[in-house]
Amino acid sequence: MFVRASIGTLAKLGLADIKIIDEPRTAYFLQYSENGCLGKCRFCNQSRSSRAGKDWLGKVTWPPVELATVLDSWRDVFDRVCFQTIIKQGFIEEARVFIREITRVSDLPVSLAITPVSKSILREFKELGVDKLGVGLDTVTEELFTKWGKPYTWRIYWRFIEEAVDVFGEGNVYVHIIVGLGESLREALETIIKIYSKGARVALFNYFDSSNMKSIDKRYYRIIQLAVELIENGEDPLEYIDLDSMRFKQQPGIDVYEALYTRGCPGCNRPFYTDLPRVIYNFPSRKILEKHRNEIMRELESIGVKA
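Okay, so let's go over this structure.

Parameters at a glance
Residues numbered from 1 in each chain as written. Predicted model: local features only at pLDDT ≥ 70, side-chain atom pairs only at ≥ 80, totals over all residues. Heavy atoms only, no water. Salt bridge = Lys/Arg side-chain N within 4 Å of Asp/Glu carboxyl O. Helix = DSSP H or I, 4+ residues; strand = E, 2+ residues; numbered from the N terminus. Buried < 20%, exposed > 50% of the residue type's maximum accessible area, 1.4 Å probe, protein only. Arc of directions from axis to C-beta. Contact = heavy atoms within 4.5 Å.

1. Observations concerning the pattern of salt bridges
Inference 1: Under the counting rule described, the total for this entry stands at 21 salt bridges.
Inference 2: One salt bridge connects E232 with R201, and the closest N-O pair in it is separated by 2.7 Å. Of this pair, E232 sits in helix α8 (residues 218-232) while R201 is found in strand β10 (residues 201-206), placing the two residues 31 residues apart along the sequence.
Inference 3: Between R222 and E299 there is a salt bridge, with the nearest N and O atoms lying 2.8 Å from each other. Note that R222 is positioned in helix α8 and E299 in helix α10 (residues 293-301), a separation of 77 residues in sequence.
Inference 4: Using a relative accessible area of 0% as the deciding quantity, one classes R222 as buried.
Inference 5: What makes E299 buried here is its relative accessible area of 13%.

Now the structure itself:
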């Protein structure tokens, strides 16, 4: 059985000889298919509608590797294991096999990112050892959901989020949101607030156009990062942010640097998954953040926040 693994994961396991600027804290695996995913998400390299090479997801290469090779080389040098599914025939059974096998050689906690499945299947994955679930809602409005070619329906995804929280518990379901797909700031914030009201949390990503390797306005992304951190601390970001000027009306009482780290499951730092080493939206470590401190201070000052 083949799986894909991020190049950083392979390097940390001794299966790839590359220089790593910053190490992944999570071992990242992706379901393998030579032709990619049957979904047609327009922002994803794995989509069957994408002409991009299937060795890529985000700005990172994901070479195929035999699962047996991973198991033979396994070392608990990570904080977590993440397995991302795609839509293909037999993908649920393959996910079962991966989780059974990886938990046989590792005691690390396991995250599973999956499209909508039945509640009984979610319970089965929990029993197999999954403690965090990722849900790729990705867009923040139903209109954008349709425009970007998401599978299933907007309503099905929201029901799935609620069922996932029922199974895994509040705070253990991470809804993936890609910022910069054409939404307004109000739409982004209202949907993120709704996600938290359901008992889920947000894993945040910045959109970039893989055809020209350009990403979104960093100022806009910083506002949303700070907004999520406010929600995590029990605050309403709409009380702090002027939606028209896209600036903060008052200094948020949070650690503003903490807001800028990669946001996902515990231990998920995704080094350079949607970033270039010199243009960073999601900081994978304190070491990398410190190198950009002066730049960060200017970015935050431009939205009315003191660092």
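2. Description of helix α4 (residues 119-128)
Inference 1: Restricting attention to buried positions, one finds in α4 the residues I121, L122 and F125. Taken down its axis, α4 places every buried residue within 105° of arc, on the same side.
Inference 2: Buried positions along α4 lie against α3 (91-105), β7 (110-113), β8 (130-138) and α6 (154-168).
Inference 3: Just beyond α4, the residue with positive phi is G129, at close to 125°.

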